[in-house]
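Analysis of the macromolecular model
Spelled out from the first residue to the last, the chains are:
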Amino acid sequence: MERNKNTGLLIIGAGGHGKVVADVAETMGCYETIIFADDDAGIQSCLGYPVFHGKLTEDEFLRRYDVFAAVGNSAARKRLMEAAEEKGCFIPTLIHRSAVVASTVQIGKGTVVMAGAVVNPDAKIGKGCILNTASSVDHDCAIGDYCHISVGAHLAGTVKTGEHTWIGAGVCVNNNIEIGSHCMIGSGAAVVKNLLQAGTYVGVPARML
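Thresholds, definitions, all that
Residues numbered from 1 in each chain as written. Predicted model: local features only at pLDDT ≥ 70, side-chain atom pairs only at ≥ 80, totals over all residues. Heavy atoms only, no water. Helix = DSSP H or I, 4+ residues; strand = E, 2+ residues; numbered from the N terminus. Rg over C-alpha atoms; globule rule 2.2 N^0.38 Å. Buried < 20%, exposed > 50% of the residue type's maximum accessible area, 1.4 Å probe, protein only. Contact = heavy atoms within 4.5 Å. Areas by Shrake-Rupley, 256 points an atom, 1.4 Å probe, with all protein chains shown as cover. Lys, Arg positive; Asp, Glu negative; His and termini not counted. Charge placed at Lys NZ, Arg CZ, Asp CG, Glu CD. Pairing = 2+ DSSP bridges. Polar contact = N/O pair within 3.5 Å; in protein donor to acceptor, adjacent residues only side chain to side chain. Disulfide = S-S within 2.5 Å.

1. Overview of the overall build of the protein
Check the secondary structure of the protein and you find 3 helices and 24 strands. In summary, the protein has a C-alpha radius of gyration of 17 Å against a globular reference of 17 Å for 209 residues, a match within 12%. In terms of overall dimensions, the protein has C-alpha extents of about 50 × 35 × 30 Å along its principal axes. Within the span of the protein, comprising 209 residues, buried residues form 49% of the whole. For the protein, restricting intrachain contacts to residue pairs at least 6 apart in sequence, the fraction spanning at least 24 positions comes to 29%. Taken as a whole, the protein presents about 9400 Å² of accessible surface, with 50% of it coming from carbon and sulfur. For the protein, the separation between the mean place of its 17 positive charges and that of its 20 negative charges on side chains is 3 Å.

Here you go:
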C-alpha cells in the first residue's frame, strides 16, 4: 500500500466525496496540513480547510503535498491522478482507522477505504478505487483500477471486476462472479451470474437495461 511521503495533503475536489476523504485522512493522523483544490470559485472552505483555485498547477507547490483526487467520476479521477504523477506528486492510499483490512490485502495508490469497510485476505484492489462506507470485499477478490464499491455493497469471495466499474449502494455479488469493465450495477441489485459486457445492470437478479 502507498504510504504518505509528505506532511501535507492536497485533496482535489471540495465536494461531498472530498469531505469524506478529508475525514479519512484525519483519522490516520499522519498529515499536519490538509488543503483542497477545486475549480468552483464559490467554495472557499471545506470542513474548515482552505480551498484554493487555479494556482495549484505550480510544480514547486504541488511537490510539498501528497495529492489525492477526490472526484466521483472515474475518468476524471484517472486524469487527475495521472496529471499529478507527471508533476512528480506522491499519490497516497487512504484507509479509515475503523476499516478492517487483512494483512495480505494489496491496495493501489489513490484508493480510499472508508469507515466500516472490510477487505478480507488476499483481495487485490486497484489504483484510484473507492471502497465506500460499510462496503465489504471478501477473500481473493480482484477489483480493477478506478472502480467504486458503493455504500453497503458486498462482494463475496473471488469476485473479479474490470476497470471503471461502479457497484451501486446495497448491491450483493455472489462468489466467483466476474464483472467486466465500464459496468454500472444499480442500487440494490443482486449479481448471480457473470456480467461481462459494458453497460448498466439493475434488478434481482441483475439484468442489462
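2. Here we look at the environment of Leu 155
Along the chain, Leu 155 turns up in strand β16 (residues 154-155). The exposure class of Leu 155 is buried, given its relative accessible area of 2%. Put simply, Leu 155 and Ile 167 are 12 residues apart on the chain and 9.3 Å apart in space, counted from C-alpha to C-alpha. Those residues in contact with Leu 155 that lie beyond four places of it in its chain are Ser 136, Val 137, Asp 138, Cys 141, Ile 143, Ile 149, Ile 167 and Val 173.

3. What about the pairing of strand β1 (residues 8-12)?
Looking along a regular strand, one sees side chains alternate from face to face of the sheet. In terms of burial, β1 is largely enclosed, as 5 of its 5 residues are buried. Where burial is concerned, the two faces of β1 agree: the one with Gly 8, Leu 10 and Ile 12 and the one with Leu 9 and Ile 11 are both buried. Here 5 bridges tie β1 to strand β5 (residues 65-69), and the two strands are oriented parallel to one another. Within the sheet, the bridge partner assigned to Leu 10 lies in β5 and is Val 67. In terms of strand pairing, β1 meets strand β2 (residues 33-37) through 5 bridges, oriented parallel. Counted as the bridge partner of Ile 12 is Ala 37 from β2.

4. Thoughts on the side chain of Ser 150
Following the sequence through the fold, Ser 150 ends up in the loop between β15 (148-149) and β16. Given a relative accessible area of 6%, Ser 150 falls into the buried group. Within the structure, Ser 150 has its side chain in polar contact with the backbone oxygen of Ile 167 (distance 2.8 Å). Contacts of Ser 150, omitting those with residues within four sequence positions, involve Asn 132, Ser 135, Trp 166, Ile 167, Gly 168 and Ala 169.

5. Let's talk about the state of the cysteines
Here a disulfide denotes one covalent bond, and it connects the sulfur atoms of two cysteines. The tally for this structure, following the rule as stated, stands at 0 disulfides. Unpaired in this structure, Cys 141 has its nearest cysteine sulfur neighbour in Cys 147, at a distance of 12 Å. In this structure Cys 147 is a free cysteine whose sulfur lies 5.1 Å from that of Cys 129, the closest cysteine sulfur available. A relative accessible area of 0% places Cys 147 in the buried class.

6. A few points about the sheet that holds strand β10 (residues 118-119)
In any sheet, the strands associate via hydrogen bonds between backbone groups, in a parallel or an antiparallel arrangement. Spatially, 6 strands are ordered β7-β10-β13-β16-β19-β22 in an open sheet, and the strand pairing comes out parallel. Across the chains shown, the open sheet's two edge strands, defined by having one partner strand only, are β7 (100-101) and β22 (190-191). Relative to β10, β7 is paired through 2 bridges, and the arrangement is parallel. Among the inter-strand pairings, Val 101 is bridged to a residue of β10, identified as Val 119.

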